Amino acid sequence: MRRQLLPSLVGVLVLGGCVPLSGWPPPDPARPVVDLRFDVAQDLRSVVGREHIDFTPDLRVCELVFRAWPNKPATARAGNSLEVTEVRVDGTTVAPVVRPAGAPDGHPGTLIEVPLPACVDAGATVRAELSFTLTLGEGTDERVGAGADVAWFATAFPLLAWERGHGWSTDPAVVAVGETAISETFHLRSLEVAAPSEYAVMGTGAPMGEVPDAVAGTTVHRFADPAVRDVSITVGRLEVVHREVDGVRVHVGAPVGATTTAVSRWADRVMRSVRDVAEHLGPFPYSDLWVSVLPQQTSGIEVTGAIQLGDLDLDEDRWVVTHEVAHMWFYGLVGNDQGTDPWLDEAFATFAQVLADGSADVPGAPVAPALTGRVGAPMDYWEGCRRPSDAYVAGVYTAGGVALVEARRGAGAGDFDAALRAYLARNAHQIAAPADVEEAFAHLPLVLATLREAGALAPVAPLTDGSGPCH
């Protein structure tokens, strides 16, 4: 696949970086700048990676902190791992300190601390280079894994764990299946994926062409994006369909002959979801959307500008597609701490999915009384349940979606939608908190009352005694 980047979609130069022509406010010019390269092994079971990052903190720092999310319980126990092999800071080799931070015993840790040779003041730029290896587990029902002639890996590099105005995020990973990451928007200056030439590559951002690698039989696929929070890659013997909807290039791929639904039909469904969600939320935040359909998965996983989906029944489960597309606004455009405030992306994505699909009900509703009133609970709150992942989905996704649908109905669609658009614009390329939702809807007291009743705006302390709300 060799495609040229259309000039009309590249963006405009603003303070040293391109910004999407989407109508949303531009990202912070001081955002981190990241260059990534992944060299994928011939058997698609391992990857050697290199990361270069220019980071300009807004607070004084004496260390850098990265997260290795493939080492969280759900992925590590399936045979996946990420290990940092070398770190250099401003040209000096530094020994990182790796801490478990929720990783299972016997597996690499999720928290990587890099002490700086000297502390760095706010506004000064520090440059770090990290080398790492990635091992892919067989058939993982998660964002990192490998199958027959295919490999997929998202959030599979050392992810800078900085939140502007607050500092480093070091919360441990949890057992419940779900995201716990926090990531500032960064400029993906270059993404290179070197893979065996017989395989197709799906990446993140705008495709910048392909070139032969120095290693015979290997091709380097290049991508770039001015404002993402994460990166997703799929490599393999893929059928890929390229479409365009309202100026957004949609790339949908799946292992050849491995899905029950034709890739072209998947592309039709994705395009419809993009159009329907944008009608309610505003312009799609990215020039490109990459969607990988992976039979080994059972649901959907969002990454900024990219989505992983299981081989779903598009008649019964079309809402999953729209839900993941909605994450391009909630988590992508407007970020959040997914471990502390998961409702800010999951409840809003559920709400947007219901609105865009014209559904009468929120999937999974009604929620059992024992799980209601805790929409704002952090990820580790649900660990006290017998089935943490199921409780988390019901208590946050479903109950949160129900609360937002009810709030819109009570306040009036016009006023609610205007406030929501203003929230998106005010917090574009930022990390939002519940207080930002309160500010956006302060003139609509019924909305705030509904969210408070659902437990979305009041802090919910983590359970520490092993007794969960669903026991």
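Summarised in this report is the structure supplied together with it. Here, residues in each chain are numbered from 1, in the same order as that chain's written sequence. In keeping with the predicted nature of the model, local features appear solely for residues at pLDDT of at least 70, side-chain atom pairs appear and are counted solely at 80 or more, and the whole-chain, interface and lining totals rest on all residues. Side-chain figures throughout are based on the complete set of non-hydrogen atoms in the structure, without hydrogens or water.

1. Considerations on the nonpolar core
Line of reasoning, step 1. By size, the foremost hydrophobic cluster in this structure holds 143 residues, and its most contacted members are F153, W329, W343, Y423 and F441.
Line of reasoning, step 2. Apart from residues lying up to four places away in sequence, W343 is in contact with F348, V375, G376, V396, P434, V437, L451, A456 and L457. Here the nonpolar core consists of buried residues drawn from Ala, Val, Leu, Ile, Met, Phe, Trp, Tyr and Cys, with membership extended through side-chain atoms lying within 4.5 Å. Buried residues are those whose accessible area, probed at 1.4 Å on protein chains only, stays under 20% of the maximum for their type, while exposed residues exceed 50% and partly exposed ones sit between those limits. Contacts are assigned to residue pairs with any non-hydrogen atoms lying within 4.5 Å of each other.

2. Remarks on the pattern of salt bridges
Line of reasoning, step 1. Salt bridge, as used here, is a side-chain nitrogen of Lys or Arg placed within 4 Å of a carboxyl oxygen of Asp or Glu. For the coordinates displayed, the defined rule picks out 20 salt bridges.
Line of reasoning, step 2. For D39, the salt bridge identified is with R37, shortest N-O distance 2.9 Å.
Line of reasoning, step 3. Judged by its relative accessible area of 22%, D39 is partly exposed.
Line of reasoning, step 4. For R37, a relative accessible area of 13% puts it in the buried group.
Line of reasoning, step 5. Here D276 ties to R272 by a salt bridge, and the two come within 3.6 Å at their closest N and O atoms. Of the two residues, D276 and R272 both sit in helix α3 (residues 263-281), 4 residues apart, roughly one turn of that helix.
Line of reasoning, step 6. Ionic contacts of the salt-bridge type, sharing partners, join the residues R37, D39, E192 and D213 into one network. Secondary structure elements are defined from DSSP: runs of H or I of at least 4 residues count as helices, runs of E of at least 2 residues count as strands, and each element is numbered from the N terminus.

3. So, the packing of α3 against helix α7 (residues 413-426)
Line of reasoning, step 1. Where α3 contacts α7, the two axes come as close as 9 Å, and the packing angle between them is 95°. Classed by the angle they form, the pair α3 and α7 counts as roughly perpendicular. Across the interface between the two elements, A278, E279, H280 and L281 from α3 touch L420, R421 and L424 from α7.
Line of reasoning, step 2. Under the convention adopted here, Pro, Cys and the residues Ala, Val, Leu, Ile, Met, Phe, Trp and Tyr are nonpolar, Asp, Glu, Lys and Arg are charged, and Gly plus all remaining residues are polar. Of the residues assigned to the contact of α3 with α7, the class counts are 4 nonpolar, 1 polar and 2 charged. Axes, fitted as lines to C-alpha atoms, cover a helix only where it is in contact. Angles between the N-to-C directions of the axes lie from 0 to 180 degrees. Working definition: roughly parallel below 35 degrees, roughly antiparallel above 145 degrees, roughly perpendicular at 65 to 115 degrees, and oblique for all remaining angles.

4. Things to note about the state of the cysteines
Line of reasoning, step 1. Two cysteine sulfur atoms form a disulfide, by the criterion used here, when they sit within 2.5 Å. Enumeration over the complete set of coordinates arrives at 1 disulfide.
Line of reasoning, step 2. Covalent S-S linkage joins C62 and C119, the inter-sulfur distance amounting to 1.9 Å. Across the S-S bond of C62 and C119 the torsion is about 105°, and the bridge reads as right-handed. Of this pair, C62 sits in strand β5 (residues 61-67) while C119 sits in strand β9 (residues 111-120); the two residues are 57 residues apart in sequence, bridging distant segments of the chain.

5. Concerning the packing of aromatic side chains
Centre distance and the angle of the planes are the two values used to describe a pair of aromatic rings.
Line of reasoning, step 1. Side-chain rings of Phe, Tyr and Trp (the six-membered ring for Trp) are treated as a pair once their centres are within 6.5 Å; stacked means planes under 30 degrees apart, edge-to-face means over 60, and tilted covers the remaining angles. Tallied over the full model, the rule gives 16 aromatic pairs.
Line of reasoning, step 2. Relative to W162, the ring of F55 lies with its centre 5.4 Å away and its plane at 70°, an arrangement referred to as edge-to-face. On the criterion of sequence distance, the pair formed by F55 in strand β4 (residues 46-55) and W162 in strand β14 (residues 162-163) is long-range, its members being 107 residues apart. Of the two residues, F55 and W162, both sit in the buried class.
Line of reasoning, step 3. Where F223 meets W290, the ring centres are 5.5 Å apart and the plane angle is 85°; that geometry is what we call edge-to-face. Residue F223 is located in strand β19 (residues 218-228), and its partner W290 is located in strand β23 (residues 288-293); the two are separated by 67 residues in the primary sequence.
Line of reasoning, step 4. By the ring-pair criterion, three or more aromatic residues cluster together here, those being F330, W343, F348 and Y423.

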